[in-house]
Amino acid sequence: MAEIPSYDVIILGAGFSGCSLLYHLRKAGYNVHIFEKAPCVGGTWYWNHYPGARVDSNTPMYELDIPEVYNTWNWSQRFPDWQELREYFKHADKVLEVSKDTDFNTTITDAVWDEVSQTWTVTAENGKQARAKFFLACVGFCAKNFTPDFKGLSKFKGEVYHSNEWPEGTVDLSGRRIGLIGTGSTGVQITQEAGPVCEELFVFQRTPNLCLHMKQEHYDPSAPIDKAKYEEYFKQRITSFGGFLFDFLKKKAIEDTPEEREKLYEELYAQGGFQFWVANYHDVLLDAESNKFAYDFWQRKVSARIMDPKIAEILAPKVAPHPFGTKRPSLEQNYYEQFNRPNVHVVDVNAEPIAEFTENGMRTSAGEYKFDLLILATGFDALTGSYKHMNIKGINGVDLNEKWAEKTRTYLGMTVHDFPNMFFTYGPQAPTAFSNGPSCIQVQTKFILDTLNHMRDNKLTSFNATGDAEMEYTTQIGEDASMSLFPLAKSWYMGANIPGKAVEMLNYIRGLPAYVDLLDTVEKENWKGVDFA
Ligand code: N01
């Protein structure tokens, strides 16, 4: 076998997870190397730079718990935009010297476990290869774009961009006639940017987004947050369901009087951010009545901002399109006001289904809409899709995508039976979609580091989740979901946004503290559910 570079650990991806793991594993003495498809660090914040791209998790919770980075960085916004996030990652790279140990512009296509040498070999599109004892796939949960199979799309003569493949440099939205498909977080943010400057914007909506107000704040750079508090923040954030400094209430909605509920909803709503979602009554995502109370409040608040009652009924209907919070409520700044402008239109594609694209726009059952720029904010094959461009082969050549074709199966949302010494972060069956990314990654980094150290201390060569443990964990994920309201929405949380994809809960819904307890128990019980060799 030709000599190829060999490491203790290979990481795919230089986003939050890759940077976190590189830092902690390096510090513990491992020889670590990253392969990254993009030309720089940043992960999702390299790819997502469409107009208005901005994070929905607030700072200082949305950052790495690495003192060298946070002690030398000050945010200027409560919810930073992509430009500031890119600067943050440049800063993290400078401080941590991520680039020193990273091959950029390198897309790994294959990762194969060799039972004899007990190592993983990865191969890149450009033929480059490397080997390591451990393989950590930190490839992001929204990395594989989804473009629906629209009839006649290739006929359209204007410009077409998927939000996740936005060209570098600017695509000026001023004076343009724009067709925008999708009203997820991405569609909402693009609408806010396009509305004030474009000639005309048609937003094609299939499902209303039950958006919450962002309540953006700009921080005074001369008075940064006291860094001495950060260590405590990072300890505290993993004790809340969503990895923030706020949490669900301990009571059910029905335990309060209507007046008490109204008061609480007003308070939560006024705080902005995700508070109205994950600092609400603890049964809001479990109980239909509790959920309806929340939805009705939301509907009243939002519809009051929309001048035309017919448009209000499309954007914030009196009857909930799905239980509140079972699809991601995006954070908006002035989304609803855009539809009060004469040049911004919402087209309900349930009432008038999309028929086909034409040279100059799109035809629905009601007529043709003409535009010269089409933006596809149609989302991602989330969570499992990130692995689909790779051939990941475990013991006896078992292929990960084949294994997951009918049903996703993991142990702890980080490992898979018969894929020894492989971990993934912020992926399927972890608290991913319901947690602030860096908080979840903080927890998973600790578990991976502890596991590698345990193996080093005990001279163990391989780690393999047992089939039974994987089955039990996966079954639990499904059972938890069936006791919640999540199955009532067609969302990417459950794989339901992709035609033909198995519909199943793809996230751990018990919250971050329960996940932390679970991982602690696994460790304390000598990595129960794992076979070591
Ligand atoms: O994607 P989405 P996204 N015809 O899947 C519609 C993260 N993120 O890119 O709801 C018509 O949410 C689809 O309609 P429906 C964040 O976690 C974060 O917006 O399926 N419409 C939906 O409206 C987020 O949740 C940030 O009925 C079609 C839209 O396309 C995740 O990424 C910013 C259609 C897709 O929405 C994904 O967000 C951006 C069809 N055939 C993203 N097919 C921040 O942190 C799909 N749609 C701020």
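The model shown is predicted, which means the values in this text are computed figures rather than measured ones.

Engineer: An account of the site of the ligand is requested, with residue identities and associated values reported.
Structural biologist: Near the ligand lie 25 residues; those nearest to it are Arg54, Thr186, Arg206, Thr207 and Lys327. Asp56 places a main-chain nitrogen or oxygen 3.1 Å from an oxygen atom of the ligand. The backbone of Ala377 places a nitrogen or oxygen atom 3.3 Å from an oxygen atom of the ligand. Protein coverage of the free-state accessible area of the ligand, which is 910 Å², stands at 89%.

Engineer: Any chance you could break down the sheet that holds strand 8 (residues 177-181) for me, citing the residues and the numbers?
Structural biologist: The strand order 7-16-8-9-12 describes an open sheet built from 5 strands, whose pairing is parallel. Pairing within the sheet leaves two strands with one partner each, and these edge strands are strand 7 (159-162) and strand 12 (344-348). Taken over all neighbouring pairs, the strand axes of this sheet differ in orientation by 20° on average, direction set aside. Set on the sheet, helix 5 (residues 185-194) makes contact with strand 8, strand 9 (200-205) and strand 16 (373-376); between it and strand 8 the angle comes to about 165°.

Engineer: So what's going on with the sheet that holds strand 14 (residues 361-364)? Residues and values would help.
Structural biologist: Overall, antiparallel pairing links the 3 strands, which are arranged 13-14-15 in an open sheet. Two strands lie at the open edges of the sheet, namely strand 13 (354-358) and strand 15 (367-370), each paired on one side alone. Between one strand axis and the next, the sheet turns through 25° on average, direction left out of account. With 4 bridges joining them, strand 13 and strand 14 adopt antiparallel strand pairing. Paired with Ile354 across the strands is Thr364, a residue of strand 14.

Engineer: Any chance you could break down the environment of Pro67 for me, citing the residues and the numbers?
Structural biologist: Mapping Pro67 onto the fold places it in helix 3 (residues 67-70). Pro67 sits 311 residues away from Thr378 along the chain, and the two C-alpha atoms are 37 Å apart.

Engineer: Let's hear about the packing of helix 7 (residues 258-271) against helix 9 (residues 288-303): which residues, and what values?
Structural biologist: A packed helix pair is summarised by two numbers, namely the angle formed by the two axes and the spacing between the axes. Axis separation between helix 7 and helix 9 bottoms out at 11 Å; the angle between their running directions is 60°. The orientation of helix 7 relative to helix 9 falls into the category oblique. As for how helix 7 packs across helix 9, the hand of that crossing is right-handed. For the pair helix 7 and helix 9, contact is made by Arg261, Glu262, Tyr265, Glu266 and Tyr269 and by Ser290, Phe293, Ala294, Phe297, Trp298, Arg300, Lys301 and Val302, respectively. Split by residue class, the contact of helix 7 with helix 9 holds 7 nonpolar, 1 polar and 5 charged.

Engineer: Can you tell me about the packing of aromatic side chains, naming the residues and giving the values?
Structural biologist: Taken as a whole and judged by the stated rule, the model has 50 aromatic pairs. Pairing Tyr70 with Phe234 gives two aromatic rings, centres 5.2 Å apart and planes at 45°, and the pair type is tilted. Taken together, the residues span a long stretch of sequence, with Tyr70 in helix 3 and Phe234 in helix 6 (residues 230-237) at a distance of 164 residues. In this structure Tyr70 comes out as buried when scored by relative accessible area, which is 6%. Each residue in the set Phe150, Phe156, Phe202, Phe204, Phe357, Tyr369 and Phe371 is aromatic and connected to the rest through ring pairs, giving one cluster. One Lys or Arg, Lys37, reaches over the ring of Trp47 and ends 5.2 Å from the middle of that ring. Cation over ring: Lys227 sits above Tyr230, and NZ or CZ is 5.8 Å from the ring centre.

Engineer: Pulling in residues and values, what's your account of the nonpolar core?
Structural biologist: Counting residues in each nonpolar core, the largest one holds 135 residues, and the members touching the most others are Phe276 and Trp298. Looking at this core, the element that brings in the most residues is helix 13 (residues 437-457), giving 8 residues. Those residues in contact with Trp298, other than ones at most four positions away along the chain, are Asn209, Leu210, Cys211, Leu212, Tyr269, Phe276, Leu315, Ala316, Phe324 and Tyr336. Counting residues in hydrophobic clusters, the runner-up holds 24 residues, among them Tyr7, Phe35, Phe135 and Phe424.

Engineer: Provide a residue-level description of the state of the cysteines, including the pertinent values.
Structural biologist: What the rule picks out here adds up to 0 disulfides. The closest cysteine sulfur to the non-disulfide-bonded Cys40 is located on Cys19, 10 Å from its own sulfur. Cys142 supplies the cysteine sulfur nearest to Cys211, a cysteine that is in no disulfide, at a spacing of 16 Å. Using a relative accessible area of 0% as the deciding quantity, one classes Cys211 as buried.

Engineer: Give me the lowdown on the packing of helix 13 against helix 15 (residues 512-524), citing residues and values where you can.
Structural biologist: One way to put it is that helix 13 packs onto helix 15 with a least axis distance of 11 Å and a crossing angle of 0°. For the element pair helix 13 / helix 15, the angle class is roughly parallel. Residues Ser439, Cys440, Val443, Gln444, Lys446, Phe447 and Asp450 of helix 13 form the contact with helix 15, whose own contacting residues are Leu512, Tyr515, Val516, Leu519, Asp520, Val522 and Glu523. Residue composition of the contact of helix 13 with helix 15, by class: 8 nonpolar, 2 polar and 4 charged.

What counts as what
Starting afresh in each chain, residues are numbered from 1 along the sequence in its written order. Reporting of local features is limited, given that this is a predicted model, to residues whose pLDDT is at least 70; pairs of side-chain atoms are given and counted only at 80 or more, and all residues count toward the totals for whole chains, interfaces and linings. Calculated side-chain values reflect all of the structure's heavy atoms, with hydrogen atoms and water omitted. If a single non-hydrogen atom of a residue is within 4 Å of a molecule or strand, that residue counts as near it. By the criterion applied in these results, polar contacts are pairs of N or O atoms within 3.5 Å in which, for protein atoms, one can donate a hydrogen and the other can accept it, and in which residues neighboring in sequence qualify only through two side-chain atoms. Using a 1.4 Å probe, the Shrake-Rupley method yields the accessible areas, and only the shown protein chains count as cover for residues. Two strands are counted as paired when DSSP detects at least two bridges linking them. Only DSSP runs of H or I reaching four residues or more are called helices, and only runs of E reaching two or more are called strands; each is numbered from the N terminus. Every angle, taken between N-to-C directions, lies between 0 and 180 degrees, and every axis is a line fitted to C-alpha atoms, over only the stretch in contact when it is a helix. Note on contacts: a residue pair qualifies if any of its non-hydrogen atoms lie within 4.5 Å across the two residues. Working definition: roughly parallel below 35 degrees, roughly antiparallel above 145 degrees, roughly perpendicular at 65 to 115 degrees, and oblique for all remaining angles. Less than a right angle of anticlockwise turn of the near helix away from the far helix marks a crossing as left-handed, whereas a clockwise turn marks it as right-handed. Note on residue categories: nonpolar means Ala, Val, Leu, Ile, Met, Phe, Trp, Tyr, Cys or Pro, charged means Asp, Glu, Lys or Arg, and polar means any other residue, Gly included. Two aromatic rings, drawn from Phe, Tyr or Trp (for Trp, its six-membered ring), form a pair once their centres lie within 6.5 Å of each other, and the interplanar angle then sorts them: stacked below 30 degrees, edge-to-face above 60, tilted otherwise. Classification of residues uses two cut-offs on accessible area relative to the type maximum, computed with a 1.4 Å probe and protein chains only: under 20% is buried, over 50% is exposed, and between them is partly exposed. Placement of a charge over a ring requires the Lys NZ or Arg CZ to be within 6 Å of the ring centre, with the centre-to-atom vector within 35 degrees of the ring normal. By convention a nonpolar core is built from buried Ala, Val, Leu, Ile, Met, Phe, Trp, Tyr and Cys residues, the set being connected through side-chain atoms within 4.5 Å. Disulfides are defined as cysteine sulfur pairs within 2.5 Å.

The analysis is restricted to geometry; functional conclusions fall outside its scope.
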